[in-house]
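What the coordinates show
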Amino acid sequence: QVQLVESGGGLVQAGGSLRLSCAASGRTFGGYGMGWFRQAPGKEREFVAAISWSGGSTDYADSVKGRFTISRDNAKNTVYLQMNSLKPEDTAVYSCAKSKGSGWSKFSNAYDYWGQGTQVTVSS
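Everything in this summary refers to the structure shown in the same document.

What counts and how
Residue positions are counted from 1 within each chain, in the order its sequence is given. Since the coordinates come from a predicted model, pLDDT governs what is reported: local features require at least 70, and pairs of side-chain atoms require 80 or more to be given and counted, while whole-chain, interface and lining totals use all residues. As a rule here, side-chain values come from all non-hydrogen atoms in the structure, and water together with hydrogens is ignored. Numbering of helices and strands starts at the N terminus; helices are DSSP runs of H or I of at least 4 residues and strands are runs of E of at least 2. Exposed residues in this analysis have more than 50% of their type's maximum accessible area, buried residues have under 20%, and partly exposed residues fall in between, with area computed by a 1.4 Å probe over protein chains only. Two residues qualify as a contact provided that any one of their heavy atoms is within 4.5 Å of a heavy atom in the partner residue. For this analysis, a ring pair means two rings from Phe, Tyr or Trp (six-membered ring only for Trp) whose centres lie within 6.5 Å, classed as stacked if their planes differ by under 30 degrees, edge-to-face if by over 60, and tilted for the remaining angles. Lysine NZ or arginine CZ positioned within 6 Å of the ring centre and within 35 degrees of the ring normal marks a charge as sitting over the ring. Note on terminology: disulfide denotes any pair of cysteine sulfur atoms within 2.5 Å. Pairing between two strands requires that DSSP report at least two bridges joining them. Geometry is summarised by axes, namely lines fitted to C-alpha atoms with helices restricted to the contacting stretch, and by angles between N-to-C directions that run from 0 to 180 degrees.

1. Section: the overall build of the chain
- When you go through the chain residue by residue, the secondary structure sums to zero helices and 11 strands.
- Sequence-ordered secondary structure for the chain, helices as α and strands as β, is β-β-β-β-β-β-β-β-β-β-β.
- Seen along its three principal axes, the alpha-carbon backbone of the chain occupies a region of about 40 × 25 × 25 Å.
- Within the chain, the fraction of its 124 residues that count as buried is 44%.
- Look at the contacts in the chain between residues 6 or more apart in sequence, and 58% of them connect residues 24 or more apart.

2. Details of the packing of aromatic side chains
- This model, assessed by the stated rule, comprises four aromatic pairs.
- On the numbers, 5.7 Å between centres and 75° between planes, the contact of Phe37 with Phe47 is edge-to-face. Note that Phe37 is positioned in strand S4 (residues 34-39) and Phe47 in strand S5 (residues 46-51), a separation of 10 residues in sequence.
- Phe47 gets classed as buried once you look at its relative accessible area, which sits at 10%.
- By way of ring pairs, the aromatic residues Phe37, Phe47, Tyr111 and Trp114 are connected into one cluster.
- Note that Arg19 overlies the ring of Tyr80, its terminal NZ or CZ placed 4.0 Å from the centroid.
- When the ring centre of Trp114 is taken as reference, the NZ or CZ atom of Arg45 above it lies at 3.9 Å.

3. Remarks on the environment of Phe29
- Among the structural elements, Phe29 can be located in the loop between strand S3 (18-25) and S4.
- Residue classification places Phe29 among the buried positions, given a relative accessible area of 0%.
- As for Phe29 and Trp53, which are separated by 24 residues in sequence, their C-alpha atoms are 7.9 Å apart.

4. Some remarks on the state of the cysteines
- In the structure shown here, the tally under the stated rule is one disulfide.
- Cys22 shares a disulfide with Cys96; S-S distance 1.9 Å. Linking Cys22 and Cys96, the disulfide has an S-S dihedral of approximately 55° and is accordingly described as right-handed. On the criterion of sequence distance, the pair formed by Cys22 in strand S3 and Cys96 in strand S9 (residues 92-99) is long-range, its members being 74 residues apart. For the pair Cys22 and Cys96, a shared accessibility class is recorded, and that class is buried.

5. A short note on the sheet that holds strand S7 (residues 68-73)
- Overall, antiparallel pairing links the four strands, which are arranged S1-S3-S8-S7 in an open sheet. With one partner strand each, in any of the chains shown, strand S1 (3-7) and S7 form the two edges of the open sheet. The average undirected angle you get between the axes of adjacent strands in this sheet is 15°.

6. Here we look at the pairing of strand S11 (residues 118-123)
- Taking every second residue as pointing to the same face, the buried face of S11 carries Thr118, Val120 and Val122, while none of Gln119, Thr121 and Ser123 on the other face is buried.
- Across four bridges, strand S2 (residues 10-13) lies against S11 in parallel orientation. Bridge pairing links Gln13 to Ser123 in S11.
- With three bridges connecting them, S9 and S11 associate as antiparallel partners. Note on S11: the bridge partner recorded for Tyr94 is Thr118.

Written as structure tokens, this is what we have:
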């Protein structure tokens, strides 16, 4: 079993920054890829960013590329999402997820454990 707990969400003005954290417990996550997804009201969940088990490989949705950065600290069992230049369209519940394997994927069915999510609201 793996428990994932997100933190760091909140209300921010457009152009601002937030740093989300996802703390894992219950089992080492050092050998697994991790991802961030988001879901806005009335919309389907969408991929945001992912990182391989070593942190050496990352991928981003086109909508956040150049603004968001995913990173991880395996010693702390934590993955981060640094979000800069936030836009109102970034408003959503952000959830982290653990991959079934060591790599990353844009597809939610490649992940087997999910956090509850943290709300990010960007005002214009």
